[in-house]
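In case you want the letters, here they are:
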Amino acid sequence: MASVSNPGPARPALADRPLAIALAGMAALAAAMGIGRFAFTPLLPMMLRDGVLSLAAGSWLATVNYMGYLAGALACMALPWLFPRMSRAWQGARLARWGLAATVLLTCGMALPLPGAWAPLRAAAGVASAVVFLNVSGWCMARLAALGRPAVGGLIFCGPGLGIVLTGLSASAMVSAHWRAAAGWAVFGLLCAVLCALVWPVVRGAAQRAAGADGAAAGGAGPAPPGGPAARALLTLAYGLAGLGYIVTATFLPVIARGVLPAGSPWPDLFWPVFGAGVALGAALSTRTPPAWDRRWLLAGCHVVQALGIVLGLAWPGVAGFALGSLLLGLPFTAITFYALQEARRIWPAAGDSFAGLLTGAYGLGQIAGPPLVAGALRHAATPQQGFAEGLAMAAGALVLGAAVLGGMARRWPVPEPVPLPAPRER
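As the structure is a prediction and not an experimental result, all values here were calculated from the model.

Caption draft 1: Region of the structure containing the overall build of the protein chain. Secondary structure summary: the protein chain contains 15 helices and 0 strands in total. Expressed as a percentage of its 427 residues, the buried residues of the protein chain come to 52%. For the protein chain, restricting intrachain contacts to residue pairs at least 6 apart in sequence, the fraction spanning at least 24 positions comes to 83%. Here the protein chain displays about 19300 Å² of accessible surface, and carbon together with sulfur accounts for 70% of that area.

Right, here's the structure in full:
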């Protein structure tokens, strides 16, 4: 009689594999942030060339997108109060999938010859990108914690940078082939759909947060961190200044480079992928900083690095200056968010996600202020280059001010040294 072979242990589902979860989170953020939110930057020069958009109208479309991002972040903050009986982990998976589906449709919608619909489409894309960012990152990190592999979560935050690289290189090829911007939007919508298809079988159901994880984060003995409300307000201010500081370059980088470099140069379309590569590299490096390092000094250093990247483009307006400046601007992009949320948990552990939501709102307000600031400078400047230079100088000043605020906080309220536990006595 033939023996029945042992089929062996069943392979775990995708939602139980840490690497699959991290890669799904990376793909989701590449779709929602790199494409749904930031694809407008490399496509803006194409829309200007096609004559379907003016620079002032482009600034307005960027602004409504950032307003949508702020609205989406605030809506996610309100959900626990609106639906208190629904599991937040289940909300995370469901809302993330809805946001990804909306991102695909809204990106494809920009390919339609309906200029009157572009503003609501970009506003809705901002809402969707915030919903995906907050819910995918929360779901994936909770799921990885439940599986005992939280360190793998650093891969998730490489997603925005990789998405920016993908859109930047694709747009550069489209410009060389003399494509119209509408075709670019359609291609990016297709790329977004492919990325979403990779996420769909993984991000589903409850994250099954590890038992006791929340209590460990919120409970904890020890004195309250010094600074109180003043420290929270200053951290919020510094984080908002970071949103204002980077957004001018992140919105207008290809347009600025085209106005300075010789006509026909291929470089203006390549600086945006350089920025994205810096974002991905910085995300990977930020997860390796020792836990004992003061996050406020790290944040101050990130602000200074971004300010230096802006100043390089102003003082050295050539290929090398723009390339190095784009890299320096991108390196701290995700690290600033990572360190700020860590510092938020340290100085106000009892607030849970509400303080993180407040920081996200302040960052969104900073982003909203950037494009109108540039539009005002362009109206009063003799040349577009002079207007952009004024806007970039103000953005660099905002980052330096944020670094000064964070450095002052670190000096005023130093992190106390950990108290060593007494050695157990022998019985």
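Structure shown, so let's carry the discussion forward.
Caption draft 2: How the structure looks around the layout of surface pockets. Considering only enclosed or pocket space, the second largest pocket measures out at about 210 Å³ in volume. Taken together, 14 residues make up the lining of the second largest pocket; nearest its centre are Ile 256, Gly 259, Val 260, Gln 385 and Phe 388. At the level of secondary structure, the elements contributing two or more residues to the lining of the second largest pocket comprise helix H9 (228-260), helix H11 (295-315) and helix H15 (384-412). Looking at the lining of the second largest pocket residue by residue, the classes come out as 10 nonpolar, 3 polar and 1 charged.

Caption draft 3: Fine view of the pattern of salt bridges. Applying the stated criterion across every chain yields a total of 6 salt bridges. Residues Arg 49 and Asp 50 are paired through a salt bridge, measuring 3.3 Å at the closest nitrogen-oxygen approach. Residue classification places Asp 50 among the buried positions, given a relative accessible area of 19%. Within this structure, Asp 294, Arg 296, Glu 343 and Arg 346 form a network of salt bridges that share partners.

Caption draft 4: Here's a closer look at the packing of aromatic side chains. As enumerated under the stated definition, the model contains 13 aromatic pairs in all. Seen from their ring centres, Phe 133 and Phe 157 are 6.4 Å apart, and the 65° between their planes marks the pair as edge-to-face. Within this pair, whereas Phe 133 is found in helix H5 (residues 115-146), its partner Phe 157 is found in the loop between H5 and helix H6 (159-176), the two being separated by 24 residues in sequence. Judged by its relative accessible area of 14%, Phe 133 falls in the buried class.

Caption draft 5: Representation of unusual backbone geometry. The phi dihedral of His 178 is positive, around 60°, even though this residue is not glycine. Note on placement: His 178 falls in the loop between H6 and helix H7 (181-199). His 178 sits in the exposed class, given a relative accessible area of 67%.

Caption draft 6: Main features of the environment of Pro 113. Here Pro 113 shows up in the loop between helix H4 (88-109) and H5. For Pro 113, a relative accessible area of 72% corresponds to the exposed category. Through-space distance from the C-alpha of Pro 113 to that of Ala 182 is 7.8 Å; in sequence the pair is 69 residues apart.

Definitions and limits used
Residues numbered from 1 in each chain as written. Predicted model: local features only at pLDDT ≥ 70, side-chain atom pairs only at ≥ 80, totals over all residues. Heavy atoms only, no water. Helix = DSSP H or I, 4+ residues; strand = E, 2+ residues; numbered from the N terminus. Buried < 20%, exposed > 50% of the residue type's maximum accessible area, 1.4 Å probe, protein only. Contact = heavy atoms within 4.5 Å. Areas by Shrake-Rupley, 256 points an atom, 1.4 Å probe, with all protein chains shown as cover. 1 Å grid on protein atoms, 1.4 Å probe; cavity = no way out; pocket = protein on both sides within 12 Å on 5 of 7 lines; lining within 4 Å. Points joined across faces, edges and corners; volume = space filled by probe spheres on them. Nonpolar A, V, L, I, M, F, W, Y, C, P; charged D, E, K, R; others polar. Salt bridge = Lys/Arg side-chain N within 4 Å of Asp/Glu carboxyl O. Phe/Tyr/Trp six-rings, centres within 6.5 Å; stacked < 30°, edge-to-face > 60°.

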